[in-house]
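# Structural overview for review
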Amino acid sequence: CTGAFLLAEAGLLDGRPATTHWEDLDDLAAAYPRVLLRRDVPWVVDGNVVTSAGISAGIVMSLHVVDRLLGADWARRTARQMEYRA
């Protein structure tokens, strides 16, 4: 979730929607005003950049990335291996 700060520092979130953990939203907004901060979602996908709002949101976000890269079957298999039940 707070990896959004690293992406913002690198300029990769300028003009793009993103999110982070609820405790860090105001800090991200203050430090990086060019980020289009989303406060109302667990994760954001914008092209090749994905950010999440916390650990549990990050799990779902990660499974989404597996789905995008390898397909739904691999995402289901990964979730099963992790004992993650949506």
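Scoring rules and cut-offs
Residues numbered from 1 in each chain as written. Predicted model: local features only at pLDDT ≥ 70, side-chain atom pairs only at ≥ 80, totals over all residues. Heavy atoms only, no water. Helix = DSSP H or I, 4+ residues; strand = E, 2+ residues; numbered from the N terminus. Buried < 20%, exposed > 50% of the residue type's maximum accessible area, 1.4 Å probe, protein only. Contact = heavy atoms within 4.5 Å. Salt bridge = Lys/Arg side-chain N within 4 Å of Asp/Glu carboxyl O. Pairing = 2+ DSSP bridges. Polar contact = N/O pair within 3.5 Å; in protein donor to acceptor, adjacent residues only side chain to side chain.

So, on to the overall build of the protein chain. The helix and strand inventory of the protein chain stands at four helices and four strands. Secondary structure elements of the protein chain occur, N-terminal to C-terminal, as α-β-α-β-β-β-α-α. Each of the three principal axes of the protein chain carries a C-alpha extent, and together these read 40 × 25 × 20 Å. Burial statistics for the protein chain: of 86 residues in total, 31% are counted as buried. Put simply, of all contacts in the protein chain between residues at least 6 apart along the chain, 32% involve residues at least 24 apart.

It is worth spelling out the pattern of salt bridges at this point. For the structure on display, the rule yields six salt bridges. Linking Arg34 and Asp14 is a salt bridge whose minimum nitrogen-to-oxygen distance equals 3.5 Å. Here Asp14 lies in the loop between helix H1 (3-9) and strand E1 (17-18) and Arg34 lies in the loop between helix H2 (25-31) and strand E2 (36-37), a separation of 20 residues in the sequence. Here Arg34 falls in the exposed class, since its relative accessible area comes to 58%. By relative accessible area, Asp14 is classed as partly exposed at 33%. With a shortest N-O distance of 3.6 Å, Asp73 and Arg77 are connected by a salt bridge. One end of the pair is Asp73 and the other is Arg77, both in helix H4 (residues 72-81) and four residues apart, which spans about a single turn. Given the relative accessible area of 42%, Asp73 is considered partly exposed. Overall, Arg77 belongs to the partly exposed group, its relative accessible area being 45%.

To continue, consider the pairing of strand E4 (residues 49-52). Burial of the side chains of E4 extends over both faces: Val49 and Thr51 are buried on one face and Val50 and Ser52 on the other. For strand E3 (residues 43-46) and E4, the ladder comprises four bridges, and the chain directions are antiparallel. Bridge pairing in E4 links Val45 to Val50. The hairpin turn running from E3 into E4, its antiparallel successor, is two residues long, and Gly47 in that turn takes a positive phi close to 65 degrees.

Quick look at the environment of Asn48 now. Looking at the element boundaries, Asn48 is found in the loop between E3 and E4. A distance of 3.4 Å separates polar atoms of two side chains, one belonging to Asn48 and the other to Arg16.

With that settled, consider the side chain of Thr51. Structurally, Thr51 is set in strand E4. Engagement of the side chain of Thr51 in a polar contact is seen with the backbone nitrogen of Thr19, the distance being 3.0 Å. Contact partners of Thr51, with chain neighbours within four places excluded, come to Ala4, Leu7, Leu13, Ala18, Thr19, Trp43, Val44 and Met61.

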